[in-house]
Amino acid sequence: MKSTLTIMDNTEIIKKYKYAVIASDIAIFTLQAGRLKVLLIKMKKDPYKSFWACPGGLVKAEEDIEKGAERILTEKTGLKNVYLDQFYTFGKVGRDPFGRVVSVAYLALIPSDNLSLKTSSDYEDVKWFEVKDLPDLAYDHKEIVKVALETLKHKLENTNIVYSLLNEDFAFSDLQKVYEIILDKKCKDMSYGVSLSSNQKSLAEESGELPKVIKEKTIANYLYFGIPALMILLTF
């Protein structure tokens, strides 16, 4: 059952910040059981008690924004050494009931295997949620997740961001499955009509990137990292 936010009179909310302050919010995505999920933390304090939110917080005066985001992610979720990609700045007036807060948002796509999640005492829980079935979200975090997901889908066209979810030796079918889950649509067979020219084979063998006995998985790996991902997308 979803909770309902009680709208409080503005005079009841003590403004903490006289001037604008900088925060960072992080949208962390993963795949579990063939579904795309986002990591959220459960709020304890009013006016968003029992609501969920992306891990986030204020950046300290002595911190670079990215370093602040890394610290916040570790404090709120227990995750460390996660590559964060800055994707948007959320700065609408009124997005935070406690004052003027501008959030620099980051996203990441990580495997969820063997992760030990742990939030701080300021929050009730930390948990993965399907992006298609989100709980009530605090602040403007529904928009943050939406924009982060749109950015992630766009990145599939020109980066190899999904590599972190693949085994070291993967096939076209593995890559295609990840694309289909994130894009939420069926794609054409990625391996159809794909081959390496004799020149590509020769260059790859000389550089040690491709063995003389070419297997389908090796070709998939070579194409994905040796040629822009957009070339694979052209087979959709």
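Please refer to the structure placed before this passage.
Definitions and cut-offs
Residues numbered from 1 in each chain as written. Predicted model: local features only at pLDDT ≥ 70, side-chain atom pairs only at ≥ 80, totals over all residues. Heavy atoms only, no water. Helix = DSSP H or I, 4+ residues; strand = E, 2+ residues; numbered from the N terminus. Buried < 20%, exposed > 50% of the residue type's maximum accessible area, 1.4 Å probe, protein only. Contact = heavy atoms within 4.5 Å. Core = buried A, V, L, I, M, F, W, Y, C linked by side-chain atoms within 4.5 Å. Pairing = 2+ DSSP bridges. Phe/Tyr/Trp six-rings, centres within 6.5 Å; stacked < 30°, edge-to-face > 60°.

Student: Which residues make up unusual backbone geometry, and what values do they have?
Tutor: In this structure, Pro47 follows Asp46 across a cis peptide bond, with omega equal to 5°. Following the sequence through the fold, Pro47 ends up in the loop between β2 (35-43) and β3 (52-53). Not every positive phi belongs to a glycine, and Ser50 is a case in point at roughly 75°. Relative to the helices and strands, Ser50 resides in the loop between β2 and β3. For Ser50, a relative accessible area of 31% gives the class partly exposed. Even without glycine at this site, Tyr139 takes up a positive phi of about 50°. For Tyr139, the position within the fold is in the loop between β7 (123-130) and α2 (141-155).

Student: Requested: an account of the environment of Leu31, with residues and values cited.
Tutor: Here Leu31 is to be found in strand β1 (residues 21-32). In sequence terms Leu31 and Leu109 are 78 residues apart; their C-alpha atoms lie 8.7 Å from each other. When near neighbours in sequence (up to four residues on either side) are disregarded, Leu31 contacts Leu36, Ser112, Leu165, Val178, Ile181 and Ile182.

Student: Outline the nonpolar core, listing residues and values.
Tutor: Judged by nonpolar contacts, the single largest core of 32 residues is most densely connected at Phe29, Leu36, Leu40, Phe87, Leu134, Val162 and Ile182. If sequence neighbours within four positions are ignored, Leu40 has contacts with Trp52, Ala53, Cys54, Asp125, Val126, Lys127, Phe129, Leu134, Pro135 and Leu137. Judged by nonpolar contacts, the second largest core, of 22 residues, contains Phe51, Leu73, Leu84 and Val126.

Student: Would you mind going over the environment of Leu84 in detail, with residue names and values included?
Tutor: Mapped onto the secondary structure, Leu84 falls in the loop between α1 (65-77) and β5 (85-90). Along the sequence, Leu84 and Leu109 sit 25 residues apart, while their C-alpha atoms lie 8.7 Å from each other. Apart from residues lying up to four places away in sequence, Leu84 is in contact with Ile26, Ile28, Glu66, Ala69, Glu70, Leu73, Tyr106, Leu107 and Ala108.

Student: Any details on the pairing of strand β6 (residues 101-109)? Residues and values, ideally.
Tutor: By the criterion of burial, β6 is predominantly enclosed, with nine of the nine residues buried. Residues Val101, Ser103, Ala105, Leu107 and Leu109 of β6 are buried on one face, and the alternating residues Val102, Val104, Tyr106 and Ala108, pointing to the opposite face, are buried as well. Sheet topology note: the β1/β6 ladder contains nine bridges and is parallel. Bridging across to β6, Val21 finds its partner in Val101. For β5 and β6, the ladder comprises five bridges, and the chain directions are antiparallel. Opposite Phe90, over in β6, you have Ser103 as the bridge partner.

Student: How would you sum up the packing of aromatic side chains? Please name residues and give values.
Tutor: Within this structure, the stated rule accounts for five aromatic pairs. Ring geometry for Tyr48 and Phe51: centres 5.8 Å apart, planes at 70°, overall edge-to-face. For Tyr48, a relative accessible area of 11% gives the class buried. Residue classification places Phe51 among the buried positions, given a relative accessible area of 6%. When the centroid spacing of 4.7 Å and the interplanar angle of 55° are considered together, the rings of Tyr88 and Phe90 count as tilted. Judged by relative accessible area, Tyr88 falls into the partly exposed class, the value being 42%.

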